[in-house]
Amino acid sequence: MTAKKESHESAYKERVDGRAFDELREIETKIGIIPNADGSAMYKSGKTIAIAAVFGPRTLHPQHMQNPQKGILRVNYDMMSFSVPDRKKPGPNRRGQEISKVIEWALSQCVILEEFPNTVVDVFIQIPQADAGTRVAGINAAAMALAHAGVPMREMASAVAVGKMDKTLVVDVCKEEEDYEEGEGATDIPVCLLSRSKKIALLQADGKISIDELKQALEMAKKACEKIHEIQLKALKEAR
Amino acid sequence: MENNRKIITPGEIVIQGEEFLPGDGTRREKEDIVSSRYGLVDISEKLVRVIPLSGVYSPRRGNVIIGEVIDVLFNGWLLDFGGSGNGFLSINECPRFINKDELQDTFDFGDLIVAKIIGIKSKGIDLTVRMRGLGKLEDGMVIKVNPNKVPRVIGKEGSMVNVIKEAANCEITVGQNGLIWINAQEIKNELKAKKIIEFICDNSYTEGLTEKVKEFADKLGEES
């Protein structure tokens, strides 16, 4: 799928790493990399690495946060201090908290929380190396880790970031593309798709994009998510 | 049988057809039986189940578990057994009379207790020690394994446990929550039993496991 040509041609004709516009970065997965966790997974897409560890369902403390109707899901996303060229100050920050919340909302769509009242499922996502698309890599890793932890789920979740460089739509944005400044500049749209119902569980946009282009971008994201979903399944089936 | 034991992931269709019944880890969505868990498919006649491969222990009535005393209350004890909740062992479920002021003399903080689950309510899990083989663990060692591997350690009608008992000349109590108590005259034998159990957990889901375990036990015997 190539760029939409309306008034004039897009300035972004070739991707910085030579990929096709709808091509994902090379993906590597690993299940059960954290022996102390109930479930864990690693998802590597190009240079971006996300590690997710799942604990629980376990009793929730403080007690007043417990819900006798259903369990709660807690996501903690953090980047390691050496993950980016400029050292990231360790510990939670505003960006991390927001992404944690956004991932939590996306994943709570697929976890069956009603089956374990008064408990909590903790998901910890760490980024040892960042090259854009960390939240989507985090979701992919977390979904695999949740399945590996034996948490009841309606379906799996897979996520990808689609972008618009000037007038060209691309899948799985890398850092260099994210910083693209020519023409209309760069737009970054992380999308999370649920595997069975094909619902969109996460949709953010950072930049300018027209409605038509957004529709087209979502189609591309759906295709890419289905590819990622297959990779996730393969990883889980081969893990022992 | 081939198709019967494949690994399935959440959201995948296990089987299609109105005649099948969804069991543990599955649900019905119109015609399809959909998996909700990651595990092995088990279809026996019309019942479709998913046997979990990993995850925390989910308590069931009648299970024998090994738990640690984490609290002494006025009418019983609170036991932690690694599940999603704690178990409550009432003073009434003890085989002999206990003075309410001296609960700690019977079971104290940190004691490991073999107990049986007699009821699961929304409020909590009730335990009992009023049966043979239940009660406080005094000697021996306790090891922890993945609770999903416990059925392998026990084997068909306890066949695997008997193999270990014979090979290592020891007593074994397997808690469904993944804690295993081993007691022998000599520490050497306890360590041997531990090695065999670890072997079982590493090689679970292979064909003819009992025979392989027997071989492994013989090899261990020659070395020592």
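This structure is a prediction, so every number in the text was calculated from the model and none was measured.

Asker: What am I meant to see in the packing of helix α4 (residues 187-202) of chain B against helix α5 (residues 209-223) of chain B here?
Answerer: Two packed helices can be described by the angle between their axes and the distance between those axes. Residues and elements named next belong to chain B. Packing of α4 against α5 leaves a shortest axis separation of 10 Å and a crossing angle of 145°. Every pair of crossing elements has a handedness; the one defined by α4 and α5 is right-handed. On the side of α4, the interface is formed by Lys-192, Lys-195, Ile-196, Phe-199 and Ile-200, while α5 contributes Leu-209, Val-213, Phe-216, Ala-217 and Leu-220. Of the residues belonging to the contact of α4 with α5, the class tally is eight nonpolar, no polar and two charged.

Asker: I keep staring at the interface of chain B and chain A and nothing clicks. Help me out?
Answerer: One frequently used descriptor of interface size is the decrease in accessible area upon assembly of the parts. Counting from both sides, the interface comprises 13 residues of chain B and, opposite them, 24 residues of chain A. Residue classes in the side of chain B that touches chain A are distributed as five nonpolar, seven polar and one charged.

Asker: Explain the environment of Phe-20 of chain B to me, please; I cannot follow it from the model alone.
Answerer: Residues and elements named next belong to chain B. When you line up the elements, Phe-20 lands in the loop between β2 (13-16) and β3 (21-22). Judged by the 19 C-beta atoms lying within 10 Å of it, Phe-20 falls in the partly exposed class. Not counting chain neighbours up to four residues away, the residues in contact with Phe-20 comprise Ile-15, Ile-33, Lys-46 and Val-48.

Asker: Looking at this structure, how should I read the sheet that holds strand β15 (residues 171-174) of chain B?
Answerer: Strands belonging to one sheet form pairs held by backbone hydrogen bonds; the direction of such a pair is parallel or antiparallel. Residue and element names in this part refer to chain B. The sheet built from three strands is open, its strands ordered β14-β16-β15 with antiparallel pairing. Strands with a single pairing partner mark the edges of an open sheet, and in this sheet they are β14 (141-144) and β15. On average, adjacent strands in this sheet sit at an angle of 20° to one another, irrespective of strand direction. In this structure, β15 lies alongside strand β16 (residues 179-183), joined through four bridges in antiparallel fashion. Its bridge partner lying in β16, Val-174 is registered against Ile-180. Against the sheet, α4 engages β14, β15 and β16, with an angle of about 150° to β16.

Criteria and thresholds
Residues numbered from 1 in each chain as written. Chains lettered and ligands numbered in written order. Predicted model: local features only at pLDDT ≥ 70, side-chain atom pairs only at ≥ 80, totals over all residues. Axes fitted to C-alpha atoms, helices over the stretch in contact; angles between N-to-C directions. Helix = DSSP H or I, 4+ residues; strand = E, 2+ residues; numbered from the N terminus. Left-handed = near helix turned anticlockwise from the far one by under 90°. Contact = placed C-beta atoms within 7 Å. Nonpolar A, V, L, I, M, F, W, Y, C, P; charged D, E, K, R; others polar. Buried ≥ 20, exposed ≤ 12 C-beta atoms within 10 Å, placed from the backbone. Pairing = 2+ DSSP bridges.

On their own, these measurements won't tell you what the molecule is for.
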